[in-house]
Amino acid sequence: MDSVTPLAVGPGLARPHRWLCAHPRALDTLVALAVLALILIGAVAGPRMRHQSLGALFVLLAVLAAASLVVRRDLPRGVLAFNVALTLTELVTNDVGPPRTSIVFGVVVALYTVAARTDRPTTWRVGAATAVLLTGAAMLFALNPWYSQENWGLFAWTGLAAAAGDAVRSRRAYIAAIEERAVRAERTREEEARRRVAEERLRIARELHDVVAHHIALVNVQAGVASHVMDNRPDQAKEALAHVRQASRSALEELRATVGLLRQYGDPAAPTEPAPGIAVLDQLVDGFVRAGMRVRVRAEPPEKLGPLPGSVDLTAYRVVQEALTNVHKHAGPGATAEIRIARVADELEVTIEDDGAGARTEGPEEAPDGAGGSGAPGADGTSTGGGGHGLLGMRERVTALRGSCEAGPLPEGGFRVRVRLPMQPRRGGDS
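Notes on the structure follow. Keep in mind the model is a prediction, meaning the values are calculated, not measured.

## Quick word on the overall build of the chain
For step 1, the next point in the chain: Within the chain, the secondary structure is distributed over 12 helices and five strands.
For step 2, the next point in the chain: Taking all 431 residues of the chain together, 42% fall into the buried category.
For step 3, the next point in the chain: Within the chain, residue pairs in contact and separated by at least 24 positions form 69% of the contacts whose partners lie at least 6 positions apart.
For step 4, the next point in the chain: Of the roughly 23000 Å² that the chain leaves accessible, carbon and sulfur atoms contribute 60%.

## Looking at the sheet that holds strand β5 (residues 415-422)
For step 1, the next point in the chain: The strand order across the open sheet formed by five strands is β1-β2-β3-β5-β4, and the pairing between neighbours is mixed. In this open sheet, the two strands that pair with only one neighbour each are β1 (294-299) and β4 (404-409). Here the average twist between neighbouring strands, direction ignored, is 10 degrees.
For step 2, the next point in the chain: Of the strand pairs in this sheet, β1 and strand β2 (residues 336-344) are connected by six bridges, and their pairing is parallel. If you follow V297 over to β2, its bridge partner there is I339.
For step 3, the next point in the chain: Across the sheet, helix α11 (residues 310-331) is in contact with β2, β3 (347-354) and β5; its angle to β3 comes to roughly 10 degrees.

## Thoughts on the packing of aromatic side chains
For step 1, the next point in the chain: Tallied over the full model, the rule gives two aromatic pairs.
For step 2, the next point in the chain: Ring centres of W152 and F155 lie 6.4 Å apart, and the angle between their planes is 80 degrees; on these two criteria the pair is classed as edge-to-face. Here the residue W152 and the residue F155 both occupy positions in helix α7 (residues 149-229), the gap between them amounting to three residues, near one helical turn.
For step 3, the next point in the chain: Judged by its relative accessible area of 41%, F155 falls in the partly exposed class.

## What about the side chain of E338?
For step 1, the next point in the chain: If you trace the backbone, E338 turns up in strand β2.
For step 2, the next point in the chain: Looking at E338, its side chain comes within polar contact range of the side chain of R298, at 3.5 Å.
For step 3, the next point in the chain: Among the polar contacts made by the side chain of E338, one reaches the side chain of R340 at a distance of 2.5 Å.
For step 4, the next point in the chain: Setting aside residues no more than four positions away along its own chain, E338 makes contact with R296, R298, T351, I352 and E353.

## Points about the pattern of salt bridges
For step 1, the next point in the chain: According to the stated counting rule, one finds 17 salt bridges in the structure shown.
For step 2, the next point in the chain: Taking the shortest distance from any N to any O, the salt bridge between R25 and D74 comes out at 2.8 Å. Residue R25 is found in helix α2 (residues 24-45), and its partner D74 is found in the loop between α3 (56-68) and α4 (76-93); the two are separated by 49 residues along the sequence.
For step 3, the next point in the chain: Salt bridges sharing common partners tie together R296, R298, E338, R340, E353 and R416.

## Quick word on unusual backbone geometry
For step 1, the next point in the chain: The phi angle at A345 is positive, at roughly 55 degrees, despite the residue not being glycine.
For step 2, the next point in the chain: Following the sequence through the fold, A345 ends up in the loop between β2 and β3.
For step 3, the next point in the chain: Residue class for A345 comes out exposed when judged on its relative accessible area of 67%.
For step 4, the next point in the chain: Look at R402: it is not a glycine, yet its phi comes out positive at around 65 degrees.
For step 5, the next point in the chain: Tracing the sequence through the fold places R402 in the loop between α12 (390-400) and β4.

## Re the packing of α2 against helix α5 (residues 104-116)
For step 1, the next point in the chain: α5 packs onto α2 with a crossing angle of 145 degrees between their chain directions and a minimal axis gap of 8 Å. Contacts from V31, V35, L38 and I39 of α2 reach α5 at F105, G106 and V109.
For step 2, the next point in the chain: Of the residues belonging to the contact of α2 with α5, the class tally is six nonpolar, one polar and no charged.

## Some points on helix α9 (residues 281-290)
For step 1, the next point in the chain: Turning to α9, its buried residues number three or more, namely L281, L284, V285, G287 and F288. Take α9 and look down its axis: the buried residues cluster within an arc of 150 degrees, on one side only. What points out from α9, more than 90 degrees from its buried face, is the exposed set D282 and Q283.
For step 2, the next point in the chain: Immediately beyond the C-terminal end of α9, within one or two residues, lies G292, with a positive phi of roughly 105 degrees.

What counts, and at which threshold
- Residues numbered from 1 in each chain as written.
- Predicted model: local features only at pLDDT ≥ 70, side-chain atom pairs only at ≥ 80, totals over all residues.
- Heavy atoms only, no water.
- Helix = DSSP H or I, 4+ residues; strand = E, 2+ residues; numbered from the N terminus.
- Buried < 20%, exposed > 50% of the residue type's maximum accessible area, 1.4 Å probe, protein only.
- Contact = heavy atoms within 4.5 Å.
- Areas by Shrake-Rupley, 256 points an atom, 1.4 Å probe, with all protein chains shown as cover.
- Pairing = 2+ DSSP bridges.
- Axes fitted to C-alpha atoms, helices over the stretch in contact; angles between N-to-C directions.
- Phe/Tyr/Trp six-rings, centres within 6.5 Å; stacked < 30°, edge-to-face > 60°.
- Polar contact = N/O pair within 3.5 Å; in protein donor to acceptor, adjacent residues only side chain to side chain.
- Salt bridge = Lys/Arg side-chain N within 4 Å of Asp/Glu carboxyl O.
- Nonpolar A, V, L, I, M, F, W, Y, C, P; charged D, E, K, R; others polar.
- Arc of directions from axis to C-beta.

Here you go:
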């Protein structure tokens, strides 16, 4: 009876149902005609009415009651009050013989509409008042004895209308809540997917930056050395070119491993070598030593450090790699760097310092990355020279493991990077 109430219809009725839902006034007209037919049929089919003709007043009341239902959506309470008044008129006047209680069908539809469009307390207040008023009027002015089934039928029909309308309203609210939760869940899934994509892009960007910045810096230095001594010391130039080849080969291998992160699971061409860590720190340091930088390593023995989670091991390696690369870029080959790795309680502490002794004068095109003798970081963790992403990426790596990162110039000159990484990183922190 309500256009917004979902109905289960067969395939053959789907098109008429959609048309009626799109034209509620036409549906209400059909409902009004059906109610008029029920009122008239009930008036002549009752056991007390078989030999009674329909009076003009009853027919008029029936037509008015049915016609008012056409506007029941626009004025639900007004239509209900109008139908109650018509029903009371029939019960009290008794124009021809006993009252015809079938007039109550107009009240039933109107009360159903009110119940379906309002809240539960209002539904039960209006329903109870309507049922008591009509039943009491019938007992006092209509059929005798007062306990006749027609009188109690008025009470039953009005109570049923209120209950049906309340049930429809509750079901409609339940479906709306389910749809809202589904939309919210879909929106949450989309936001979560976008967040994961953004995090993965940042992670891969950090890996590419660490690999490219480190190896290209070494290639640049060794290529410069080879170009400078090519004519006078060809042996030294050949050695520098060999270092260039080694650094470029290492860069290609790490790039292949990083790009392998984008491969689908189960791809046989995906890399199977483990990610770099503290265990291969000597190879990293050796590359900088060959480039002319002095590096001292003071690390606790592996048995004291204990087994490192994969994410902590990789992050510590990348921090050292980025810090040494920035020392080489900004403090110059004459600087001395010191690496200290120790376990403090449940944290791995990694410190990289340089003395700034070989600090270069950077041109405007060389924006420091925030480490090294000449690059001081700004308040946001990036360098004051701008454009560098090394220290920012380092902080992102450490923060992802709930660690802390301190970076800044030393009072006596040089630069220090100190990182503390929890030995039990949060789930999902492994790179």
